[in-house]
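What the coordinates show
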Amino acid sequence: MALRVATTKLGSKLLPMLSSSSLLHSHATSFGFKEVREEEKRQLVGNVFSSVASSYDLMNDLMSGGLHRLWKDRLVSMLNPFPGMKHLDVAGGTGDVAFRILETVNSIKRRALQDVLLDELQEETRIYICDINPNMLNVGKERALERGLAGDKSLVWVEGDAEALCFEDRTMDGYTIAFGIRNVTHIEKALAEAYRVLKRGGRFLCLELSHVEIPVFKELYDYYSFSVIPAMGELVAGDRSSYQYLVESIRRFPPQEKFASMIADAGFQKVEYENLVGGVVAIHSGLKI
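The chain is annotated in an unreviewed UniProt entry as 2-methoxy-6-polyprenyl-1,4-benzoquinol methylase, mitochondrial of Melia azedarach.

Written out as structure tokens, the structure is:
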């Protein structure tokens, strides 16, 4: 209900900001993309997420109509977490995915009641939340505190780079990255690092905003992305440029088939992807065999 009220109020304020001049044309020409040199991208991304950290959850709810919660639920269900697992969630500073994984592990323990073996495995469960941005990690730690999880040894917060992970080879049972891989400077390096840290049999899962191919839906989606989202960012977070960058980064990201090929090139087997909401988001998966 609170989200519905917030969305209604937001809509009444957004409409005057979307003048007739913002009618959709080809986004490559009408909207344009900011050209960013490779050496500048890391700093730009850092600045963007430092700027949006405090309003990140609210903006995710508003931009997706709350659907991002269902998408993350689907991601975790595909992971199939288990007690005693060692899992790495990259670009997960706010804890959204990690909390879901921990809840799934805890629910298995609750169903098993007094199983001593599961109790011991639970003690060994480690979910590493790795993010390059300390501001995003601080948001996650605050959320953990609010949930009564601040002292949970299963959650380990790590400031680190997806392209140069601080973990040893073949130490993780699973690797997830949600809405983060498009922001790394070298996607190939991040995929290689994911492959390196996973054990044999470990699973790679990536949830990312992707490409819509249905013509009419694509036009509506482009209009929403390039006209509504930046205006929403300006109104709610006081930061239009960061959300303009986020939208542009989605369009620059490789299409589903191309990204699947990149995952396979990194060494993963049984690479698959699932489109959600017509390709607005996709979940890619692969196994290290």
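That shown, we press on.
1. Some details on the overall build of the chain
Secondary structure summary: the chain contains twelve helices and seven strands in total. With 289 residues in all, the chain has 50% of them scored as buried. The contacts in the chain between residues at least 6 apart in sequence include a share of 77% that link residues at least 24 apart. Accessible surface, the chain as shown: approximately 14100 Å² in total, 54% of it carbon and sulfur.

2. Overview of the sheet that holds strand 3 (residues 155–159)
Sheet architecture is open: seven strands sit in the order 3-2-1-4-5-7-6, paired in mixed fashion. Looking along the sheet, the strands with just one partner apiece sit at the ends: strand 3 and strand 6 (269–276). Strand-to-strand, the axes of this sheet are offset by a mean angle of 15°, without reference to chain direction. Set on the sheet, helix 8 (residues 134–146) makes contact with strand 2 (126–131) and strand 3; between it and strand 3 the angle comes to about 165°.

3. Description of the packing of aromatic side chains
Evaluation of the coordinates by the stated rule reveals seven aromatic pairs. With 6.3 Å between their ring centres and 70° between their planes, phenylalanine 99 and tryptophan 157 make a pair best called edge-to-face. Of the two residues, phenylalanine 99 is situated in helix 6 (residues 96–112) and tryptophan 157 in strand 3; the sequence distance between them amounts to 58 residues. Owing to a relative accessible area of 5%, phenylalanine 99 belongs among the buried residues under this scheme.

4. Focus: helix 10 (residues 215–236)
In this model, helix 10 (22 residues) spans 30 Å end to end at C-alpha, consistent with the 32 Å of a helix rising 1.5 Å per residue. Considered for burial, the residues of helix 10 that qualify are Tyr221, Asp222, Ser225, Phe226, Ser227, Val228, Ile229, Pro230, Ala231, Met232 and Gly233. Positive phi appears at glycine 238, one or two residues downstream of helix 10, with a value of about 65°.

Conventions used here
- Residues numbered from 1 in each chain as written.
- Predicted model: local features only at pLDDT ≥ 70, side-chain atom pairs only at ≥ 80, totals over all residues.
- Heavy atoms only, no water.
- Helix = DSSP H or I, 4+ residues; strand = E, 2+ residues; numbered from the N terminus.
- Buried < 20%, exposed > 50% of the residue type's maximum accessible area, 1.4 Å probe, protein only.
- Contact = heavy atoms within 4.5 Å.
- Areas by Shrake-Rupley, 256 points an atom, 1.4 Å probe, with all protein chains shown as cover.
- Pairing = 2+ DSSP bridges.
- Axes fitted to C-alpha atoms, helices over the stretch in contact; angles between N-to-C directions.
- Phe/Tyr/Trp six-rings, centres within 6.5 Å; stacked < 30°, edge-to-face > 60°.
- Expected span 1.5 Å × (residues − 1).

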